Number of protein chains: 2
Amino acid sequence: MLKQFLVPEADQVMVTEEKARAGTQAVFEKMGLPADEAESCADVLLTSDLRGCESHGISNMLRAYIKSYGDGSYNPRPNVKTVRESAVSATWDGDRGLGLHIGPRAMELAMEKADQYGMGAVAAKNTAHFGMLAYYALQAIERDMIGIAMVSAGGNAMVPTFGSEPVFGTQPIAWGVPAGEMPPFVFDVATTQVAGNKLLLAKRIGSKIEPGWLAEPDGTPVMEPIDVPDWGAGYKMLPFGGTRENGGHKGYGFAAIADIMSGVLSGNGPGFIADRSYAFFVMAMKVDAFRDVAEFKADMDLLLKKLADNKPAPGHDRVMYAGLPEHEETAIRKRDGIPYHREVAEWFNSMSAELDLGVSFP
Amino acid sequence: MLKQFLVPEADQVMVTEEKARAGTQAVFEKMGLPADEAESCADVLLTSDLRGCESHGISNMLRAYIKSYGDGSYNPRPNVKTVRESAVSATWDGDRGLGLHIGPRAMELAMEKADQYGMGAVAAKNTAHFGMLAYYALQAIERDMIGIAMVSAGGNAMVPTFGSEPVFGTQPIAWGVPAGEMPPFVFDVATTQVAGNKLLLAKRIGSKIEPGWLAEPDGTPVMEPIDVPDWGAGYKMLPFGGTRENGGHKGYGFAAIADIMSGVLSGNGPGFIADRSYAFFVMAMKVDAFRDVAEFKADMDLLLKKLADNKPAPGHDRVMYAGLPEHEETAIRKRDGIPYHREVAEWFNSMSAELDLGVSFP
């Protein structure tokens, strides 16, 4: 993440993985999920916090989930239905279950099909927030498969290039690939310039928005640094790349792809009509169906080393690839704990007392 | 395309589709291809020129292909071998055949597998230039399938974000989706800020390079408009998005994905070691495996109309989606002919005389 999204050291409260995991699982159980499913949901959030992707961890998401379980928007005991199925595909109705509740099972099914036939995919409609997409990519990587995940997350945020009316949410895409000795390639991005949750983080921290990230209410790209505006002010998000000259039309195209592969293919409908109901798409491809796995991994290592050892441009001390910093951050946080913002720890403790969880931070 | 890539009207020579097609097919036959395969190759180039994607049509590519057939780099009668095969996948050795020579057959096989199982994919190593990737997406669209194509095109052009040493070529990605009444969604982009061939076009036309498109030899992004530099000057291409703040790291991630799915998965190796040997990946997904086709198309129309009818931002008269302008341009060019640059027509006529093709432009 860019440094403006990091929690300043003075505001950090360090919490061990075990405690954060126990607290999160307890919350999901209180929301009405069976213990094993609560454990699985907590694993998605904790994996996110361990990887340094706190925009999709406890800080922003857990309280949002509690609210949505509380008002009945999410179903803690979804009866997931198979709407259509083929040798390598399935389409699910998620019965208003949280995306990260049913997502890991969807990837399990995709992997079973991939194991048998070479590839497998599941599209799900009528679901909700999916958490950090990298999680699903990592599931596939553990089985020597390539993992893909996409989400249609409503249609209230992003304008198409040259447009003024929002059509897409942040419509994220993840793509993970196993490697040998090197940490795996795990790409996971919003197709907006910035994930919506990162705007919340920036607001909490008081950081500015970069030029080309947002558009005025009339669609004109904002080209100077500004404070994070209030949502009600009518600002729109630009696709990644920003302006047309900078490749924003390509970010826009990938946003459309995510919306189509999850929203349209699942039967949820495009994000702008589905609104509060999310859709997702997961896919697994067995490396062994195409090539010897050891040879594939050796070539992945060659590529990833070439990237990580690349001579940096002036002003930079290192070249990264997707998944490398998150892999390193995970090792640090497993050892030192997760640095939550003081305000998040305070919220957690008051919520924990209210729900009688018996867990407190730090 | 941006207007700086269009052929100025004063330099246009209008050539009918029929004549351009006949001339192109005749060239491939002279190169030693069987007539039906020469016809298929000509169709890839002509589809490109008709769609207004002249960067990948006759103007730049045909003379490059002639040179490579002439010096023995390309094999006009490749003996394509199946290296590995599963129910839904195949890996090919292209035997130095031109990518657009064996690509349409690869997509045919992917579609056969998709027709039977729901999805199908083919990865090919030891091949060459693949032409306009949209072509393969369009093949799938005609069969009510989602079509995907990616290419690993060497590793001499693009630096990773913050890096100074090239690792990737322009590593393009295409994704096509059928619709109902609306022209289909056909996304086809280089993962660099600009396709390499478009730099050639810009140089011919005398246009400037936009800020954030290239990097200095030391990796520093060039942030003011400059003339197209000579290749030998050591400038590098940036991933689309340009700088890190503008989402360049996301363009970089998609470049890596294209390199992995085609170069690494096929066994060609990552682009930077494969160098002059290209690799490609094509995939087809049958819509019907996931959802009723008519319902899917109705939702696609809803989405595409919402995009095309979007109120434009000030200074713009229209919002587009990928595939819409190309669809419209095809109708115009089928009627009025293809506007080649005078210099291209002159080259074609001299080459045609030399090879005794019996075709001249206009």
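Analysis parameters
Residues numbered from 1 in each chain as written. Chains lettered and ligands numbered in written order. Predicted model: local features only at pLDDT ≥ 70, side-chain atom pairs only at ≥ 80, totals over all residues. Heavy atoms only, no water. Helix = DSSP H or I, 4+ residues; strand = E, 2+ residues; numbered from the N terminus. Contact = heavy atoms within 4.5 Å. Core = buried A, V, L, I, M, F, W, Y, C linked by side-chain atoms within 4.5 Å. Buried < 20%, exposed > 50% of the residue type's maximum accessible area, 1.4 Å probe, protein only. Salt bridge = Lys/Arg side-chain N within 4 Å of Asp/Glu carboxyl O. Least-squares fit on C-alpha atoms with pLDDT ≥ 70 in both. Expected span 1.5 Å × (residues − 1). Pairing = 2+ DSSP bridges. Axes fitted to C-alpha atoms, helices over the stretch in contact; angles between N-to-C directions. Buried area = accessible area lost by both parts, 1.4 Å probe. Polar contact = N/O pair within 3.5 Å; in protein donor to acceptor, adjacent residues only side chain to side chain. Nonpolar A, V, L, I, M, F, W, Y, C, P; charged D, E, K, R; others polar. pLDDT = per-residue confidence, 0-100. Phe/Tyr/Trp six-rings, centres within 6.5 Å; stacked < 30°, edge-to-face > 60°. Right-handed = clockwise from strand over helix to strand, strands pointing away.

Draft legend 1. Quick look at the side chain of Ser59 of chain B. Locating Ser59 of chain B in the fold gives a position in helix α3 (residues 58-70). Setting aside its immediate chain neighbours within four residues, Ser59 of chain B contacts Glu54, Arg204, Tyr340 and Val344 of chain B.

Draft legend 2. Molecular detail of the nonpolar core. Counting 88 residues, the largest nonpolar core has Trp175, Phe185, Phe254 and Phe281 of chain A together with Trp175, Phe185 and Phe281 of chain B as the members making the most contacts within it. If sequence neighbours within four positions are ignored, Phe281 of chain B has contacts with Met285 and Phe290 of chain A together with Ala121, Val122, Ala123, Ile148, Ala149, Met150, Met261, Ser262 and Leu265 of chain B.

Draft legend 3. Examining the environment of Tyr69 of chain A more closely. All names here are of chain A. Looking at the element boundaries, Tyr69 is found in helix α3 (residues 58-70). C-alpha of Tyr69 to C-alpha of Leu98: the two residues are 29 residues apart in sequence and 9.1 Å apart in space. Discounting residues that sit within four places of it in the chain, Tyr69 has contacts with Phe28, Met31, Leu33, Tyr74, Asn75, Pro76, Leu98 and His101.

Draft legend 4. Structural context of the pattern of salt bridges. Residue and element names in this part refer to chain A. Enumeration over the complete set of coordinates arrives at 32 salt bridges over all chains. As a salt-bridge pair, Arg143 and Glu108 come within 3.7 Å of each other at their nearest N and O atoms. Of this pair, Arg143 sits in the loop between α5 (134-141) and β5 (145-152) while Glu108 sits in helix α4 (residues 99-117), and the two are 35 residues apart along the sequence. Overlapping salt bridges bring together Glu17, Arg21, Asp43 and Lys334 as one network.

Draft legend 5. Structural detail: the relation of the copies chain A and chain B. In the superposition of chain A on chain B (RMSD 0.0 Å, axial shift 0.0 Å), the rotation amounts to 180°. With respect to symmetry, the two chain copies, as superposed, fit the operation of a two-fold axis. Minimal C-alpha distance to the rotation axis in chain A is attained by Gly241 of chain A, lying at 2.0 Å. A high fraction, 100%, of the interface residues of chain A reappear at the interface in chain B, so the copies pair face to face through one surface.

Draft legend 6. Region of interest: helix α2 (residues 35-50) of chain B. Residue and element names in this part refer to chain B. The end-to-end C-alpha distance of α2, which contains 16 residues, comes to 22 Å, matching closely the 22 Å that a straight helix rising 1.5 Å per residue would cover. All of the buried residues along α2 are Ala38, Cys41, Ala42, Val44, Leu45, Leu46, Thr47, Ser48, Asp49 and Leu50. Of the residues flanking the end of α2, it is Gly52, one or two places downstream, whose phi is positive at about 85°.

Draft legend 7. Highlighting the sheet that holds strand β5 (residues 145-152) of chain B. In space, the seven strands of this open sheet follow the order β2-β3-β4-β12-β5-β6-β7 (chain B), with mixed pairing throughout. Lying at the two open borders of the sheet, with one neighbouring strand each, are β2 (81-85) and β7 (185-189) of chain B. With direction set aside, neighbouring strand axes in the sheet form an average angle of 15°. Examined bridge by bridge, β2 of chain B and strand β3 (residues 89-97) of chain B share four bridges and lie antiparallel to one another. In the sheet register, Arg84 of chain B faces β3 of chain B, and the bridge partner there is Thr91 of chain B. Seen against the sheet, helix α7 (residues 248-266) of chain A touches β5, β6 (173-177), β7 and β12 (278-286) of chain B and runs at an angle of roughly 140° to β7 of chain B. Strand contacts of helix α4 (residues 99-117) of chain B: β2, β3, β4 (119-127), β5 and β12 of chain B, with the helix running at about 30° to β12 of chain B, the strand carrying the most contacts.

Draft legend 8. Looking closely at the sheet that holds β5 of chain A. Spatial strand order, β2-β3-β4-β12-β5-β6-β7 (chain A): seven strands in an open sheet with mixed pairing. If you trace the sheet from one side to the other, it starts and ends with β2 (81-85) and β7 (185-189) of chain A, each paired once. In this sheet, neighbouring strand axes are inclined to one another by 15° on average, regardless of whether the strands run parallel or antiparallel. In the packing of helix α7 (residues 248-266) of chain B onto the sheet, contacts are made with β5, β6 (173-177), β7 and β12 (278-286) of chain A, and the angle to β7 of chain A comes to roughly 140°.

Draft legend 9. Summary view of the interface of chain A and chain B. The interface of chain A with chain B comprises 94 residues on the first partner and 94 residues on the second. Counting each side, the surface lost to burial between chain A and chain B is near 7500 Å², with a carbon and sulfur contribution of 69%. Applying the counting rule to chain A against chain B returns two salt bridges. Here Arg84 of chain B ties to Asp288 of chain A by a salt bridge, and the two come within 3.0 Å at their closest N and O atoms. Here chain A is connected to chain B by 34 residue pairs in polar contact (both at pLDDT 80 or more). Broken down by element, the side of chain A that touches chain B gets its largest block of residues, 14 residues, from α7 of chain A. Taken together, the residues of the side of chain A that touches chain B break down into 54 nonpolar, 24 polar and 16 charged.

Draft legend 10. Local environment of the confidence of the model for chain A. Per-residue confidence for chain A gives a mean pLDDT of 94, with 98% of residues at or over 70. Quick note on the complex model: pTM equals 0.97, ipTM equals 0.96.

Draft legend 11. Broad picture of the packing of aromatic side chains. Taken as a whole and assessed by the stated rule, the structure comprises 36 aromatic pairs over all chains. With a centroid separation of 5.7 Å and an interplanar angle of 45°, the aromatic rings of Tyr117 of chain A and Tyr117 of chain B are classed as tilted. With Tyr117 of chain A in helix α4 and Tyr117 of chain B in helix α4, the pair connects residues from two separate chains. Of the residues examined, Tyr117 of chain A reaches a relative accessible area of 23% and is grouped as partly exposed. Seen in terms of ring centroids, Phe185 of chain B and Phe187 of chain B are 6.3 Å apart; in terms of plane orientation they differ by 10°. Their pairing is stacked.

Draft legend 12. Region of the structure containing the pairing of β4 of chain B. All names here are of chain B. Counting buried positions over the nine residues of β4 gives seven, a clear majority of the element. Of the pairings in the sheet, the one linking β3 to β4 comprises six bridges and is parallel in character. Directly across from Ser89, in β4, lies its bridge partner Ala121. With respect to chirality, the unit in which β3 leads through α4 into the neighbouring parallel β4 is right-handed. Across seven bridges, β4 lies against β12 in antiparallel orientation.

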